[in-house]
Amino acid sequence: MRVQVLLALPLDKLFDYEAESSVVCGQLVRAPFGTRHVVGCVWHVGGEGAYRGTLRSVLALEGDIILDKTLRDFIDWSAAWTCAPKGGFLKMTLGSMGGKGFIPSPRRDTRLVLSQAYQQAYASSLSVQQKKVVSHMRASAVAYGSQSSLAKACGVSASVVSGLCRQNIITSVSSQGTHASVSSLSRGWFMSSPPLLGRLNREQRAASASLRESLCGGFRVTLLQGVTGSGKTWVYLDLVREVLRTGKQGLILLPEILLTHHWLEHCRSILGVEPLVWHSGLSSSTRRALWHRVVRGEGDVVVGARSALFLPLKRLGLIVVDEEHEPSYKQEDGVVYHARDLAIVRAKGVPCGVILSSATPSIETYVNVRHKKYHRVLLQKRFREARLPRWRLIDMREETLHKGDFLSMPLLEGIQQRMEKKEQSLLFLNRRGYAPLTVCSHCGTWLTGPHCENRLVQHRHVPKMLCHYCGYDMAIPSHCPHCGESDTWRSCGPGVDRIEEELKRRLPHARVLVLASDRMKGKRAEMEDALGRIAGMDVDVVIGTQMAAKGHHFPAMTLVGVVDADMGACHGSYDLRVGERMFQTLHQVAGRAGRGEKEGEALVQTYDVDNDIFRALISHDTERFLRQESQGRARFSLPPYGSMAALILSSPNDTHVEQVARALAQEFPHQEGISLYGPTHAPIRMIAGRHRWRLLVKSDAKRSLAPLIRDWVGRLSLPSSVRCVIDIDPLSFF
């Protein structure tokens, strides 16, 4: 029998094969491709097909895994909308298995799990090492098959784990009976946990009731908009509980920055179930094990970053996109897509409801609410009568700073006052390292790497110069490579390391913690340790990038200081979303202050005190900002009132890629209301050794540009050395 197979490769075509008559649409197979075997999915069965030669045979994978039609249709739609190859979306759907060429069947052995007995009785009676094991099992998605492997992972002796097993806190279950065991365990936790509505305040209960009413009819998109600290998470988790009662699954998408142990503990305590956690930090083996659990129908609640949207969930009843405005939902490497937008498409195909949660919704979501496409539920007060932070602008034009200093006296005095009151402060600067620019004072040369046009960032925590785009690093040279002079390097501008240095010099008794990705070294455990120190009051001042700005709840933090509020505006000449991002970031970071009983304050250092963004922030008038920003977009037919698509061409040879870009521009199918801008060099001309040219397509109306772009690009056969990335509805313009 002839079948058409979609391979888990970045290809957009189906391949004809021969298969046994028992193979059905959606079944995963191993297909010969050249000299290797690749995992694929049967997309069509029967028919004539385009290939007339001798067909090669495919082999169905053990376990008869089948992707349902809803998921296959979702892949088809996503590929058509984004101009990305369907095989790339299939590879994401298969998790880490897509490129392996083989998906092993689930192992027929046992694994260790926390028992229901732990949930009911043992939380307070464990030793320190036992609590370490339990915390690790609750935070980790790894399935441990033996006591020794679990003990090694936790850094404890085997006797600690065996003791927990003797107390029936840890039990083993068979992988063949895992679905039943986990399901009954989850039901036990769910039924024994207290009803959430009893813990919601009046406004939250009203919001929950409104959400329940708006989502009861199947597919519908609802924006849950609430000020920071209003308890949006509690409200949407109440809806997830309702979904669980119907026997369906809840999918919660989070920016990866929020996937912390504390958030997951919060989720467990409210829902009473153990969520399956999916993110890029998991090992391939762990992702493979989790993927098979999802295929078997396990996991009443799945929590994950954007790629969790493509898991083959079979009982999907609700999708939640938390912090829906976050740019991290846009994947810009490999398959380019926006998880928020595709989440709505997937929910429509199921059908099921979608909750978009945010304190500062994106302009796209706001306009859809205004046009009655989305419903909106508002939370206007903080939980437990906590008050919103007071805003105060510090006009840096009136401050006198010594050379090399960046912290004003009002900000330092505010930190000192909080230290005296045993309260905490946060200094926000979304700039890693010590200095963003290092210049030779003799000739004006600044340091760049050999593979990128981007300037190298100076780090002193680990002394080196680092490119934040390609990862290239080098020691700080003793002589300028251009003029040969020594001792002429000057650090321009601050990074979090430089602010730490200044703060320790000016407030030597302050206990300081830097919360930035390069300090955490990408290890989730280090992040958890840092958050634990803050919660345990071992820190007076947190200096943080965006890692510290969102999603965290520190009751003792009463002051937030924004070191450089004007930094985000530097790209305004070519970035239509710069104002939106600036407002969202400042609003979110200020929301870390005053979340407990004491009122918070946000001190903002700026040279532009008359900026309309600050006026909206000071008055806590998010609606005003969204209205003004959307009116400006509408005036020039910018998204979401118009459409855009970016094409980035790159090659190791700048002349070669320029020629291809100009040839492509000449083939552009001009139509009324659609304009082509470029080709021109991308703002960052070279990344990772590849020279970059950009073309931008703009439509005055909201329409899909994908068919036009597919036809246009398909007219020109691109040479193998030139890579073309198509970005529909781009978020960044680098």
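No experiment lies behind these values; they were computed from the predicted model shown. (Residues numbered from 1 in each chain as written. Predicted model: local features only at pLDDT ≥ 70, side-chain atom pairs only at ≥ 80, totals over all residues. Heavy atoms only, no water.)

With respect to the overall build of the protein
And then number 1: When its secondary structure is counted, the protein shows 22 helices and 31 strands.
And then number 2: The buried share among the 734 residues of the protein stands at 54%.
And then number 3: Counted over contacts in the protein with a minimum sequence separation of 6, partners at least 24 positions apart contribute 75%. (Helix = DSSP H or I, 4+ residues; strand = E, 2+ residues; numbered from the N terminus. Buried < 20%, exposed > 50% of the residue type's maximum accessible area, 1.4 Å probe, protein only. Contact = heavy atoms within 4.5 Å.)

Focus on the pattern of salt bridges
And then number 1: The final tally for this structure, using the stated rule, is 34 salt bridges.
And then number 2: Connected via shared salt-bridge partners are Arg387, Arg390, Arg418, Glu599 and Glu601. (Salt bridge = Lys/Arg side-chain N within 4 Å of Asp/Glu carboxyl O.)

Thoughts on unusual backbone geometry
And then number 1: With an omega dihedral of 15°, the bond running from proline 639 to proline 640 counts as a cis peptide bond.
And then number 2: Note on placement: proline 640 falls in the loop between helix 20 (622-635) and strand 28 (643-651).
And then number 3: With an omega of 10°, the peptide bond running from glycine 678 to proline 679 counts as cis.
And then number 4: Even without being a glycine, lysine 422 presents a positive backbone phi close to 60°.

Quick word on the confidence of the model for the protein
The predicted coordinates of low-pLDDT regions are not to be read in fine detail.
And then number 1: Summing up the model confidence of the protein, the mean pLDDT is 85 and the portion of residues at 70 or higher is 89%.
And then number 2: The low-confidence segment residues 98-109, where pLDDT is below 50, has 31 contacts with residues more than four positions distant or belonging to other chains.
And then number 3: For the stretch residues 175-195, pLDDT sits under 50, and the model shows 44 contacts to residues farther than four places along the chain or on other chains. (pLDDT = per-residue confidence, 0-100.)

A look at the packing of helix 1 (residues 69-82) against helix 12 (residues 339-349)
When two helices pack together, their arrangement is given by the angle between the helix axes and by the axis-to-axis distance.
And then number 1: Here helix 1 crosses helix 12 at 145°, and the two axes come no closer than 10 Å. Between helix 1 and helix 12 lies a crossing whose hand is right-handed. Touching Thr70, Leu71, Phe74, Trp77 and Ser78 of helix 1 are Leu342, Val345, Arg346 and Gly349, all from helix 12.
And then number 2: The residue makeup of the contact of helix 1 with helix 12, split by class, is five nonpolar, three polar and one charged. (Axes fitted to C-alpha atoms, helices over the stretch in contact; angles between N-to-C directions. Left-handed = near helix turned anticlockwise from the far one by under 90°. Nonpolar A, V, L, I, M, F, W, Y, C, P; charged D, E, K, R; others polar.)

A few points about the packing of helix 13 (residues 363-370) against helix 20
And then number 1: For the pair helix 13 and helix 20, the least separation of the axes is 10 Å and the interaxial angle reads 90°. On the basis of the axis angle, helix 13 is roughly perpendicular to helix 20. Within the contact between the two elements, helix 13 uses Ile363, Glu364, Tyr366, Val367 and Arg370 and helix 20 uses Glu623, Leu626, Arg627, Glu629, Ser630 and Arg633.
And then number 2: Partitioned by chemical class, the residues of the contact of helix 13 with helix 20 number four nonpolar, one polar and six charged. (Parallel < 35°, antiparallel > 145°, perpendicular 65-115°, else oblique.)

Digging into the sheet that holds strand 8 (residues 220-226)
And then number 1: Pairing is parallel across the open sheet formed by seven strands, whose spatial order is 10-11-9-12-15-8-16. The strands lining the two open edges of the sheet, one partner per strand, are strand 10 (276-278) and strand 16 (375-379). Strand-to-strand twist across the sheet, computed as the mean angle between neighbouring axes with direction ignored, equals 20°.
And then number 2: In terms of strand pairing, strand 9 (residues 249-253) meets strand 12 (residues 316-322) through five bridges, oriented parallel. What sits directly across from glutamine 249, in strand 12, is leucine 316. (Pairing = 2+ DSSP bridges.)

Quick notes on the nonpolar core
It is characteristic of soluble globular proteins that their nonpolar side chains tend to be buried jointly.
And then number 1: If you look at the biggest cluster of nonpolar residues, it comprises 51 residues, and the most contacted ones within it are Phe89, Leu251, Leu309 and Ile319.
And then number 2: If one sorts the elements of this core by residue count, helix 12 sits on top with five residues.
And then number 3: The residues contacting leucine 251, other than those within four sequence positions of it, are Val302, Ala308, Leu309, Leu313, Leu316, Leu318, Ile319 and Val320.
And then number 4: Grouped together as the second largest cluster of nonpolar side chains are 37 residues, Val367, Ala530, Val539 and Phe554 included. (Core = buried A, V, L, I, M, F, W, Y, C linked by side-chain atoms within 4.5 Å.)

Section: the sheet that holds strand 21 (residues 464-466)
And then number 1: The three strands lie next to each other as 20-21-22, forming an open sheet whose pairing is antiparallel. Looking at strand neighbours, the two that pair on one side only are strand 20 (457-459) and strand 22 (473-474), the edges of this open sheet.
And then number 2: Note that strand 21 and strand 22 share two bridges and pair antiparallel. Residue pairing in the sheet places leucine 466 in a bridge with aspartate 473 of strand 22.

Quick word on helix 5 (residues 147-154)
And then number 1: Of the residues making up helix 5, those classed as buried are Leu150, Ala151 and Cys154. Buried residues along helix 5 cover an arc of 100° about the axis, so they all sit on one side. Exposed and facing more than 90 degrees away from the buried side of helix 5 are Ser148 and Lys152. (Arc of directions from axis to C-beta.)

A look at helix 22 (residues 706-714)
For an α-helix, the turn length of 3.6 residues means that residues three or four places apart are oriented alike.
And then number 1: Taken together, the buried positions of helix 22 are occupied by Ala706, Leu708, Ile709, Trp712 and Val713. All buried residues of helix 22 project into a common sector of 155° when viewed along the axis, lining one side. Turned more than 90 degrees off the buried face of helix 22, the exposed positions are Pro707 and Gly714.

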